[in-house]
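Take a look at the letters that make up each chain.
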Amino acid sequence: MVRQPLCASAPAAFRALEAVLSETYRFIAIDVETANSDASSICQIGLACVGETGVEEVVTLLIDPRCHFAGMNIQIHGIRPEHVSGEPLFEEFLDAVGDFLERHALFQHSSFDGRAIRSATEACGRVAAPLQWHDSVRVARRAWPEFKGNGGHGLGHLKNALGLDFRHHDAGEDARASAEIVLMAEALMGKPFQDILGSSPSGSKKRA
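What this report covers is the structure whose coordinates are included nearby. (Residues numbered from 1 in each chain as written. Predicted model: local features only at pLDDT ≥ 70, side-chain atom pairs only at ≥ 80, totals over all residues. Heavy atoms only, no water.)

Quick word on the overall build of the protein
To be explicit about the condition: Numbered from the N terminus, helices here are DSSP runs of H or I no shorter than four residues, and strands are runs of E no shorter than two. Contacts were defined at the residue level, with two residues in contact if any of their heavy atoms lie within 4.5 Å. Here, Shrake-Rupley sampling with a 1.4 Å probe gives the accessible areas, and only protein chains in the shown set may cover a residue.
On a plain count of helices and strands, the protein comes out with ten helices and six strands. In the protein, the share of contacts with a sequence separation of at least 24, taken over all contacts with a separation of at least 6, comes to 68%. A total of about 9,500 Å² of accessible surface is found on the protein, and carbon and sulfur atoms cover 48% of it.

Here it is as structure tokens:
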């Protein structure tokens, strides 16, 4: 996929992508929020870009999913239809990121975010590109096995157990938390995430 430049009228938060798209990072942590139970109804995307010095950039984008917002989802993340009115569509996000996601290792906390991006991509009538997905839950399980059956490895418990400071269910904040979990695990175990996970969790590249 060839990256399309953002137009001058693009919202400022969306144009913040321009600061990272030409860079190369160790990995990108991604989180999404959805408007309803349909995984394709992405209304917010967070990208936490991790370089050699840690989390270097966090970009949070509102996306107009052009669909119904369920009350339960609004209660969880606080995003309402009026908040995304006039914001970019998901296909515009795809055009902007181009090969950026394809050329980076990506982290999600559990499998939902990758599934949502794949579903939203297919809902646009596009073929989901092969992406290198990893799971920060798997990293956390290997770094802190004592949490199994004792709070678990979800972001809610890890926030308290590891002393993380973030606002849960904000896509940018959750993406940053996922990245910080991987970095803390690397520091604790003294090896990079590739070695923590052993063989790649994708084996070969998984589809988005």
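Details of the layout of surface pockets
How we decide: As defined here, a cavity is a set of points on a 1 Å grid over the protein atoms alone where a 1.4 Å probe fits but cannot get out. A pocket is an open set with protein on both sides within 12 Å along at least five of seven lines, and residues line them when an atom is within 4 Å of a point. Grid points are joined across faces, edges and corners, and a volume is the space filled by probe spheres set on the points. Polarity classes work like this: nonpolar for Ala, Val, Leu, Ile, Met, Phe, Trp, Tyr, Cys and Pro, charged for Asp, Glu, Lys and Arg, and polar for all others, with Gly in that last group.
Quantified by volume, the largest pocket comes out at close to 290 Å³. For the largest pocket, the lining is made up of 16 residues, of which D31, V32, E33, F112 and H169 are closest to its centre. For the lining of the largest pocket, the secondary structure elements donating two or more residues are β1 (27–34), α3 (71–77) and α6 (112–123). Considered class by class, the residues forming the lining of the largest pocket number five nonpolar, seven polar and four charged.

A few points about the packing of aromatic side chains
Counted only if it meets this: The aromatic pairing rule takes the rings of Phe, Tyr and Trp, using the six-membered ring of Trp, and pairs them if the centres are within 6.5 Å, calling planes under 30 degrees apart stacked, those over 60 edge-to-face and the rest tilted. Exposure classes here rest on a 1.4 Å probe applied to the protein chains alone. A residue is buried below 20% of its type maximum, exposed above 50%, and partly exposed in between. A positively charged side chain is recorded as over a ring if its NZ (Lys) or CZ (Arg) lies within 6 Å of the ring centre. The angle to the ring normal must also be within 35 degrees.
Under the criterion given, the structure shown has five aromatic pairs. Centre to centre, the rings of F107 and F193 are 5.0 Å apart; their planes meet at 85°, and the pair counts as edge-to-face. Remark: F193 occurs in helix α10 (residues 193–197) and F107 occurs in strand β4 (residues 105–108); sequence separation between them is 86 residues. Each member of the pair F107 and F193 is classed as buried. Put simply, the rings of F27, F107 and F193 pair up and form one aromatic cluster. One cation-aromatic arrangement involves K159 over F166; the distance from NZ or CZ to the ring centre is 5.2 Å.

Observations regarding the side chain of E173
One can find E173 in helix α9 (residues 171–189). Excluding residues that lie within four positions of it along the chain, E173 makes contacts with F166 and R167.

Observations concerning the pairing of β4
Quick note on the threshold: One bridge is not enough; two strands pair if DSSP finds at least two bridges between them.
Judged by which residues are buried, β4 turns out to be covered on both faces: A105 and F107 on one side and L106 and Q108 on the other are all buried. Two strands pair when backbone bridges link them, and β1 and β4 are joined in this way by two bridges, in the parallel orientation. Bridge pairing links I28 to L106 in β4. Of the pairings in the sheet, the one linking β4 to strand β5 (residues 130–135) comprises four bridges and is parallel in character.

Points about the state of the cysteines
The following threshold applies: When two cysteine sulfur atoms lie within 2.5 Å, the pair is treated as a disulfide.
Under the defined criterion, the tally for this structure stands at zero disulfides. Of all cysteine sulfurs in the structure, the one in C43 sits closest to C67, which takes part in no disulfide; the separation is 7.9 Å.

Considerations on α6
Basically, it comes down to this: Expected helix span is taken as 1.5 Å per residue step, with the number of steps being one fewer than the number of residues. This arc is taken over the directions from the axis of the helix to the C-beta atoms.
Spanning twelve residues, α6 covers 16 Å between terminal C-alpha atoms, matching the ideal 16 Å at 1.5 Å per step. Within α6, burial applies to D113, G114, A116, I117, A120 and T121. Angular distribution of buried residues about the axis of α6 spans 160°; they occupy a single face of the element. For α6, the elements touching its buried residues are β1, β2 (42–51), α5 (90–97), β4 and β5.

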